[in-house]
Amino acid sequence: MTSLVAIGAAIAVLTGIGAGIGIGIATSKAVEAIARQPEAEGKISKALLLGCALAEATAIYGFVIGLLIIIMLG
């Protein structure tokens, strides 16, 4: 039973991989956009920060679910 709990928690924490990849891609695209249109830097930065915050929140939710699985079922 405990090995299944560990596997479930590990799968829940894997959301961090998707968030990391998404934030990396978003940052690279934002840098490209700023390089093409430097005058739009403010708007691009605001959109980038909002998107990164939402992606990071997804990773944090996965981490919290993993902890809850361990605490409640472990």
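What counts and how
- Residues numbered from 1 in each chain as written.
- Predicted model: local features only at pLDDT ≥ 70, side-chain atom pairs only at ≥ 80, totals over all residues.
- Heavy atoms only, no water.
- Helix = DSSP H or I, 4+ residues; strand = E, 2+ residues; numbered from the N terminus.
- Buried < 20%, exposed > 50% of the residue type's maximum accessible area, 1.4 Å probe, protein only.
- Areas by Shrake-Rupley, 256 points an atom, 1.4 Å probe, with all protein chains shown as cover.
- Patch = residues over 30% accessible without salt bridge, like charges linked within 9 Å, V, L, I, M, F, W, Y side chains within 5 Å.
- Salt bridge = Lys/Arg side-chain N within 4 Å of Asp/Glu carboxyl O.
- Expected span 1.5 Å × (residues − 1).
- Arc of directions from axis to C-beta.
- Contact = heavy atoms within 4.5 Å.
- pLDDT = per-residue confidence, 0-100.

For the protein, the count of helices and strands is three helices and zero strands. Helices (α) and strands (β) of the protein occur, in sequence order from the N terminus, as α-α-α. Across the 74 residues in the protein, those meeting the buried criterion constitute 16%. Of the roughly 5300 Å² of accessible surface on the protein, a fraction of 76% belongs to carbon and sulfur atoms.

Here we come to a nonpolar patch on the surface. Side chains of Val13, Ile60, Phe63, Val64, Ile65, Leu67, Leu68, Ile70, Ile71, Met72 and Leu73 sit close together on the surface and give an oily, nonpolar patch of about 1000 Å² of accessible area. Among the elements that take part in the nonpolar patch, helix 3 (residues 41-73) stands out by supplying ten residues, more than any other. Residue class for Ile71 comes out exposed when judged on its relative accessible area of 62%.

This next bit is on helix 1 (residues 2-13). Compared with an ideal rise of 1.5 Å per residue, which puts twelve residues at 16 Å, helix 1 spans 17 Å between its outermost C-alpha atoms and is within 8% of the ideal. Residues of helix 1 that are buried include every one of Val5, Ala9 and Ala12, and no others. Buried residues along helix 1 cover an arc of 60° about the axis, so they all sit on one side. The exposed set on the far side of helix 1, more than 90 degrees from its buried face, consists of Leu4 and Ile11. In the core, the buried residues of helix 1 are packed alongside helix 2 (15-36) and helix 3.

To continue, consider the confidence of the model for the protein. Summary statistics for the protein give a mean pLDDT of 90 and a share of 99% for residues scoring 70 or more. Per-element confidence in the protein is highest for helix 2, whose mean pLDDT is 92, and lowest for helix 1, whose mean pLDDT is 86.

Checked against the element boundaries, Gly51 lands in helix 3. Gly51 gets classed as partly exposed once you look at its relative accessible area, which sits at 35%. Sequence-wise, Gly51 and Ala26 are 25 residues apart; in three dimensions their C-alpha atoms are separated by 7.8 Å.

Attention now moves to the environment of Pro38. Inspection of the secondary structure assignment puts Pro38 in the loop between helix 2 and helix 3. With a relative accessible area of 51%, Pro38 lands in the exposed category. A sequence separation of 31 residues divides Pro38 from Ile7, and the C-alpha atoms of the two residues are 46 Å apart.

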